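# Secondary and tertiary structure notes
Each chain is listed here by its residues.
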There are 4 protein chains.
Amino acid sequence: MAKVLMKGNEALGEAAIRAGCVHFFGYPITPQTEVPEYLVKRLPEVGGAFVQAESEVAAINMVFGAAGVGMKCMTSSSSPGISLMAEGMSYIAACELPCVVVNIMRAGPGLGGILPSQSDYLQATKGHGHGDYRLIVLAPASVQEAVDLMTLAFDLAERYRNPVMVCADGMIGQMMEPVEFPGEGRGEPFKDNTWALTGRRGRTRRIVNSLFLSPDALFQHNIKLKQKYDEIERREQRWELYTADEPYDLLLVAFGTMARICKTAIDDLRQEGRRVALFRPITINPYPFAACRNAMDAMGESGRVLTVEMNMGQMIWDVNHAAEGSREVEFYGTAGGIVPSPDAVANRIREMVAEPQLTTNNP
Amino acid sequence: MAKVLMKGNEALGEAAIRAGCVHFFGYPITPQTEVPEYLVKRLPEVGGAFVQAESEVAAINMVFGAAGVGMKCMTSSSSPGISLMAEGMSYIAACELPCVVVNIMRAGPGLGGILPSQSDYLQATKGHGHGDYRLIVLAPASVQEAVDLMTLAFDLAERYRNPVMVCADGMIGQMMEPVEFPGEGRGEPFKDNTWALTGRRGRTRRIVNSLFLSPDALFQHNIKLKQKYDEIERREQRWELYTADEPYDLLLVAFGTMARICKTAIDDLRQEGRRVALFRPITINPYPFAACRNAMDAMGESGRVLTVEMNMGQMIWDVNHAAEGSREVEFYGTAGGIVPSPDAVANRIREMVAEPQLTTNNP
Amino acid sequence: MAKVLMKGNEALGEAAIRAGCVHFFGYPITPQTEVPEYLVKRLPEVGGAFVQAESEVAAINMVFGAAGVGMKCMTSSSSPGISLMAEGMSYIAACELPCVVVNIMRAGPGLGGILPSQSDYLQATKGHGHGDYRLIVLAPASVQEAVDLMTLAFDLAERYRNPVMVCADGMIGQMMEPVEFPGEGRGEPFKDNTWALTGRRGRTRRIVNSLFLSPDALFQHNIKLKQKYDEIERREQRWELYTADEPYDLLLVAFGTMARICKTAIDDLRQEGRRVALFRPITINPYPFAACRNAMDAMGESGRVLTVEMNMGQMIWDVNHAAEGSREVEFYGTAGGIVPSPDAVANRIREMVAEPQLTTNNP
Amino acid sequence: MAKVLMKGNEALGEAAIRAGCVHFFGYPITPQTEVPEYLVKRLPEVGGAFVQAESEVAAINMVFGAAGVGMKCMTSSSSPGISLMAEGMSYIAACELPCVVVNIMRAGPGLGGILPSQSDYLQATKGHGHGDYRLIVLAPASVQEAVDLMTLAFDLAERYRNPVMVCADGMIGQMMEPVEFPGEGRGEPFKDNTWALTGRRGRTRRIVNSLFLSPDALFQHNIKLKQKYDEIERREQRWELYTADEPYDLLLVAFGTMARICKTAIDDLRQEGRRVALFRPITINPYPFAACRNAMDAMGESGRVLTVEMNMGQMIWDVNHAAEGSREVEFYGTAGGIVPSPDAVANRIREMVAEPQLTTNNP
C-alpha cells in the first residue's frame, strides 16, 4: 500500500481499524480528540460501533463489557481521562481480557495544560490501578511507529489477554507524516476466543470474573497472572539504539517524542565530533533493562548516562534500575507542555560535557 | 489519656477527629467500612459532616471542594475505590490542597477479595493519578501506630498542602488493640489557611486552580511542586530498625502488617541463634532509601536481604533501588488475602539459609 | 408474511427493527429486559448498534445524541427507569428530534414490584419532564397491536419530530401470541432528515438546540411547539369501541391490558343480557376526548360510566375531562401488580348494577 | 420579630432554617442558586450540613437518605434539575419520608431559558415520577408567602410523611421584599420520628422500603398511600379570593407570580368599574376544586372564567375539572420567560369583554 499523509491521532484510528478493531468507547478530551473523531466515521464502515460514553469511567467499563464478549475494542483518552480508568483497567487485567487503551499524554498534574508531555510514565508503567497487575505499554516516536505499535498492541492484547496501552503525547498525536498501513484487517475477529462470553450454545459455561472470595483461589490467580507477566517480560522487550555502533561516551536515554528530538540533537553533536548515542525503549513496560544496561556497559567506566524526559524525572527510575548503581544517571527534563528543541538538548549536552557532573535527580 | 481497646478502623476514625478532621466523604467498601461507620456518629459531635457520596469519584471531588475552602477533611476506601480516586488525587495535589486518604488495602486485582493485602504499594507510591505529582504515604504496623500516623498525616497534609495517604490493610483495620489518643483536637482549624477560599471579604482574591494554559506558567508550577517533593524527601523519611543493634547477616525488609509478623518471626529466629534484623519503612513515600542502604551495608558482604510482602513483589522495586546493585535482593511474597504466620516466615528463612540463593524476583 | 409466535417484549424489538430502528440505548430492568435482550442480537444484523449505558440518564442522552444525527433509535425501560429519563425527554422534545421510548410499566411507587401495572398513566400523559412539551403516547392491548403501534410510533416520531412513548405493561411484555410483522424495513433511514446533524458538507449549518436566552425567541419556540401539539391532537387520536354497535347503558373505559380483560368480561356479561360496551383509547395522549364523550352520549341519561384501571385512579382524570360533568364517572382499580381476571371485572359490574352508585374516585 | 428586606431565594433559605431544616443537598442551577448560596452559610450555624452533590440525581437520593434517618432536610433546583429528581421523589413518597423540594421554575422545555415561568405545573401536580404517588405542592405569590409556605411545607411533610414541593418562579426567587420570619426554630427535630432509622438500640427494628414483591402487600401499601392522599385532599386545600366579596362577572384564575400581577390588573379594572375577581389556589396539589367551582358559581350564568398562566396552558386542566363543563374556560398565557405586566393583563381583559368569546385552549 502507498504512503498517505496523516495526522498521528487519525493514523492511530486507522491503524486500529486495520488491526480489526470494531468498537470504540470514549469521552472527548484534548489533545486526543481526533482519534474518536476519525473512528466515529470509520467504524460504521467496518460494521462496528462508536460510543461516546457518559464519562471515562463509563467508557472503560464499556470496553470491559465488549472485550468480555470477544470484540476487538479500544478506548482513547488523555491524562486526566486515563486516571479515571484506573479501576476499570485493573478489572480488565484481572479478568484477562484483551483491549487497547491509547493515552495521548498532556501536561499535568490536575487539569494541567493541553500541550504534550510524558508525565504519565510512572502511572502507565508502575501504578495506575490497584492490585498486582501490569500493563504492556508501547511508546511510539513517530506517526509510522504509532501505526505499527497500534497493530502490535492488538496482537499483544490478544496473545496475552491483557490491556495494552499505547502511550504517546500530543506531539505524535498532532503532527502529520506520511504513513503506510498494513493489510486490510476489517473487523478481523480474535483467532482464539474460547474465553469470550458468546452465549452458551451447547458448549461449557464460561465465566469472566475477578472476584475470588477464597484466598487460595485468588493466590493461584495472582500466580497465574505473575507467570504471564514474567513471560511478557522475557519475550516482549523492544528497544532501539541510535549511533551506538560507533563509539560513544555519553548515552542518552529517552522515549517517544523526546527520543526523536534527541536523535536530531545527536546528529548535530556527532558532526561536532562528540561521541553520543541513544537508547530508546519502545516497550516502556516491560522495560528493556538488560539492553539498557548493555548500552551503558558498552561505554568505558567514565561514560555518562543522561535521561531526557518531558517530565520532572520519571523514566530515570527505570534507568537507575538498569544501572544498578554502576554509574550515576543524570537528568534533563522539561514540563508544562514545553517541548525542547534539538538545539536545546544539544546545548544542554555541550554544557554537561564541560561540567564534571550535571544534575542528579533522585526521584 | 488512658488506653482504650479499639478496632483499627475505628481508631483511625477517632484519630482523625483528634487531628481536627471535620468532614468525611466516602462510599462503602469492605474491609474499611468501620471507618465511615465510626465517623458518621462522631463527626456531628464536633460540628462536622459525614457524607456518603454517589461514588468514590464523587467522594474524592467532595474532598477536593472541602479542602479548597480550608476544611480539614478526609476520605477512606479500599483498593478498587482508591483506583476511582486517581483523577481527583492528581487535581488535589496540583491545587496544593491538604487532605488525608485512607486505603485499607484488600487483595486484587479487579474485585479480588476482601482479605488483607499490600498489593497497592506501587499505585500508592509511584503512579495512581496522572502528571508529575507525589503523595506522602504512611504505612502503620499496629493500631497505635495507625492512630499516631493519622495525626501525622493531617500535620503533613497541612504543612505541605498535599494529599497524604495512610496505607494500611484489612488486618490493621480489623484487629483490636489498646490505643492512646493524643489531645482533644475537636474541629481544630488549619493554623494557616491563607490559601483557602473562605470568601473574599476585603482581602485579595485567592484562586484554587490546576489549569495553566501557558506552558511556562505550568512549568513553573511543576518546578514549585518538585521543590516541595524534594523537601518532603529530605525531611520526612521515617523508618524503624528491629534487632539491628545486634549483629545480623540477614536483613528482612517489610512494611505494615507484614513487618509486624516479621518481628515475631525474628524473635523466634533470634532465640535459635539466627542473626536476623528488620528494616521497616514507615514512610513508604518518600522511601527511606539511605537508611535502608545503611541497614544493608551494616552487614558484611555476604549479608543477604529478603523483602517480605503480601503481594507479588512491589516494594522490592524500592529495596533494589536502595541496594543499587550492591547485592541481590531476595523476595518472599503471598497474595490473594493470605496473611503468612510468623512461623511461615520463620520457616521460609530457615529454608533460605540452607540454600545459597532463594528467590529472585525482578519485578 | 406468516404469523410467528413471540413474546411481547421480543415482538416490540422485532417491530422496531422492521420500522427501521438501528440503535438502541438502555439499561436493564424487569419486566422489559427481553426488549434489549432481543435487540442486542438483532441490531448488529441490520448494521446497527446496541449500547448498554451506565444508567437510564445516560441512555436517554445517548438517544438524544443519536436522534440528533438523524438515526432511528429508541430506548426501553420500566417505571423507575423511565422516571430517570424525565430531563432527557424534555430536551429531545424541545429540540424536536424523533425517537421512541418503550415503558413496560411495573407496579410502583418507588421500587414497587415487578408485576404489571398501569400506574404511570399520568406521568406519561401529563407531566414527566419540565416545560411545556407533550409526548405522543400509544397504549397497545395485545402483542399484535404492540407490533403495529411500534411501527406507528416510529412514523409519528418522524412526522412530528417528537418523542413517542409506547406504554405497555408487564402483561403485554411477557405474554406470547402469534404476530405478523409488516415489511422488511432494515435500517430504513428517515424520509426527511434535513434537520439532522450529518456534518456540514457545503450545505447551510444546522443547529440542534433547546437553549434560547431571548425570551421572545423562546416564546416563539413554545408557540411553534404548541401548534405542533395542537395538530397532533387534531389528527392523531385513535380509539376502539367494543360492542358499542349494540345498545348499552354501561360504558367501560379502559386501556391496554385492562381493556383486553374488559372485553372478555363484556362477552360474558352480554351473554347474560347485560348491555355493556367498552371505549378504549389507543392514543392515551392525545386523548380522544370527543370520541369518548360521544360514546357516553350514545347512552341515555341514565347510562353509567366505569373507568377500570390497574392503578389507584389516573385515566379517570381524562374520562372526567371528557364527561365535562355530564355524568359521574365511577372507578374500579387495582394496584400492586394485581391483574384482575375477567370474572373479577364482570362480578364488579354485576354488583355495581345492583347499587345506585358504586365508587367515585375524585383523584 | 421585625421585618427584614430579603431576596426571595434567600428568604426561602432562612425560612427553611426557621422550620428546623438541618441538611441541604443540591446542585447549582439558575435561577435558584441563591437558595443554596444562603444555606451554605447558614446551615453550619445550626449544626447542619450543606452538600453540593454530583448531580440532581445524587442530591435527591441524599435527601432520601437523610430523611430516612429522621433529619429535616430539603433540596432546591430549577426545572431541568427537578426533572432529574423524578425517580427519587417517587422513592421518597413510596417510603413515606418527609422532605421539602423547592422548584424555582424557569422557562422550558429542555434547557429553555433562565427567566421566570410556570411551565412545570402539570409535572408538579400530575406526573413527574412513576407509580401512584402524589406530592403536596404549594405556590407562593410573594416573598412573605414563600416564607410562610416554607414553614407550612415542613409541617405538612412531617404530618403526612410525604415530599412537599414549594413551586415558585424566578420572579419570586429574585425579587426583594420585607419579610418577617416565625420563631427561632434552630434544628428543631421531628415531633415524632418513630419511623426513622436512628439505630436500633433495644427497640424494634424499623424498615424504610419501597420494594414489595408480594402484589397483595404492595396493593395494601398503595391503598394506605391513597387514603393518605385522600385525607390530604380533604384537609389541606388552601386558596385566596380577591375582590370576590364585591359582585363580579369575570373570574380570573391564576397562581403564584401570575396571580399577583392579576391583582394589580384587577385594581385598575375595578377602578374602571369592571367587575373582575380572582381565584388563587395556594395549594396547587391538592387543587381546591370545590372552592374554585364556588367562585365560578357565584357569578351569574353569563359570568366568564379566564385562566392566566405563564405557560402554554396547564392549570387550565384543573380549572376545567372544577368547571365540569358548567362553562367554557378561557385562557391567556405567555411563555419563554416573558412576564406580562399588569397593564398587559388588564388590556387583554378589556379586549376580551369586547368579544363574545376570547380564546379557548383545550390543552
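Below is a short write-up of the structure. Just so it is clear, the model here is predicted, and its values are computed rather than measured.

As enumerated under the stated definition, the model contains 24 aromatic pairs over all chains in all. Here the aromatic rings of A:Y121 and A:F255 are separated by 5.2 Å at their centres, their planes lie at 50 degrees, and the arrangement is tilted. One end of the pair, A:Y121, is in helix α6 (residues 121-125); the other, A:F255, is in the loop between β10 (250-253) and α10 (256-271), with 134 residues separating them in the sequence. The two residues A:Y121 and A:F255 agree in class, both being buried. Within the aromatic cluster, the residues linked to one another by ring pairs are A:Y287, A:F289 and B:W317. Across from the ring centre of D:W317, 4.6 Å away, lies the NZ or CZ of C:K126, which sits over that ring.

The full count for this structure, using the stated rule, is 96 salt bridges over all chains. The partner of C:R274 in a salt bridge is C:E272, and the shortest N-O contact between them spans 2.9 Å. With a shortest N-O distance of 2.4 Å, D:E272 and D:R350 are connected by a salt bridge. Taken together, the residues span a long stretch of sequence, with D:E272 in the loop between α10 (256-271) and β11 (276-281) and D:R350 in helix α13 (residues 342-354) at a distance of 78 residues. Looking at D:E272, the relative accessible area reads 40%, which means it is partly exposed. D:R350 gets classed as partly exposed once you look at its relative accessible area, which sits at 24%. One network of salt bridges, in which partners are shared, links A:E14, A:R18, A:R42 and A:E45.

Time to look at the relation of the copies chain A and chain B. Expressed as a screw operation, the relation of chain A to chain B combines 0.0 Å of axial shift with a rotation of 180 degrees, fitting to an RMSD of 0.0 Å. Both copies are brought into coincidence by an operation consistent with a two-fold rotation axis. When the interface residues of chain A are mapped onto chain B, 100% of them are again interface residues, pointing to one common binding face.

Let us look at the environment of A:S326. All names here are of chain A. Note that S326 resides in the loop between α12 (316-323) and β14 (329-333). Classification of S326 as partly exposed rests on a relative accessible area of 36%. Residues S326 and A354, spaced 28 residues apart in sequence, show a C-alpha to C-alpha distance of 22 Å. Looking at S326, its side chain comes within polar contact range of the main-chain oxygen of A323, at 2.6 Å.

Residue and element names in this part refer to chain C. If you walk across this open sheet you meet the seven strands as β3-β2-β4-β5-β7-β6-β12, and the pairing is mixed. With one partner strand each, in any of the chains shown, β3 (49-52) and β12 (283-285) form the two edges of the open sheet. Averaged over all pairs of adjacent strands, the angle between strand axes in this sheet comes to 20 degrees, irrespective of strand direction. Pairing analysis gives seven bridges linking strand β5 (residues 99-105) to strand β7 (residues 163-169), with the strands arranged parallel. In the sheet register, C99 faces β7, and the bridge partner there is P163.

Attention shifts here to the nonpolar core. A:M74, B:M74, C:M74 and D:M74 are the most contacted members of the largest nonpolar core, which totals 398 residues. Not counting the four nearest positions on each side in its chain, C:M74 is found in contact with C:A16, C:C21, C:H23, C:F24, C:F25, C:V35, C:L39, C:V63, C:V100, C:V102, C:M150 and C:F154.

Conventions used here
Along each chain, residue indices are assigned from 1 in the same order as the chain's sequence is written. Key to labels: chains lettered from A, ligands numbered from 1, both in the order written. Selection of residues for local features in this predicted model requires a pLDDT of at least 70, selection of side-chain atom pairs for listing and counting requires 80 or more, and totals for whole chains, interfaces and linings are taken over all residues. The side-chain numbers reported here are obtained from all heavy atoms of the structure, hydrogens and water having been left aside. Two rings from Phe, Tyr or Trp (for Trp, the six-membered ring) form a pair when their centres are within 6.5 Å of each other. A pair whose planes differ by under 30 degrees is stacked, one over 60 is edge-to-face, and the rest are tilted. A run of DSSP states H or I qualifies as a helix once it reaches four residues; a run of E qualifies as a strand once it reaches two. Both are numbered from the N-terminal end. The buried label goes to any residue with under 20% of its type's maximum accessible area, the exposed label to any with over 50%, and the partly exposed label to all in between, with areas taken from a 1.4 Å probe on protein chains only. A ring has a charge above it when a Lys NZ or an Arg CZ is no more than 6 Å from the ring centre and no more than 35 degrees off the ring normal. Here, a salt bridge means any side-chain nitrogen of Lys or Arg that lies within 4 Å of a carboxyl oxygen of Asp or Glu. Alignment of copies: least-squares fit on C-alpha atoms of residues with pLDDT of at least 70 in both copies. Whether two residues are in contact is decided by their heavy atoms: any pair within 4.5 Å suffices. Pairs of N or O atoms are called polar contacts if they sit within 3.5 Å, as long as, within protein, a hydrogen donor faces a hydrogen acceptor (for residues adjacent in sequence, only side-chain-to-side-chain pairs). Any two strands with at least two DSSP bridges between them are considered paired. Here, axes are lines fitted to C-alpha atoms. For helices the fit covers the stretch in contact, and angles between N-to-C directions go from 0 to 180 degrees. The definition of a nonpolar core used throughout is a set of buried Ala, Val, Leu, Ile, Met, Phe, Trp, Tyr and Cys residues joined through side-chain atoms within 4.5 Å.

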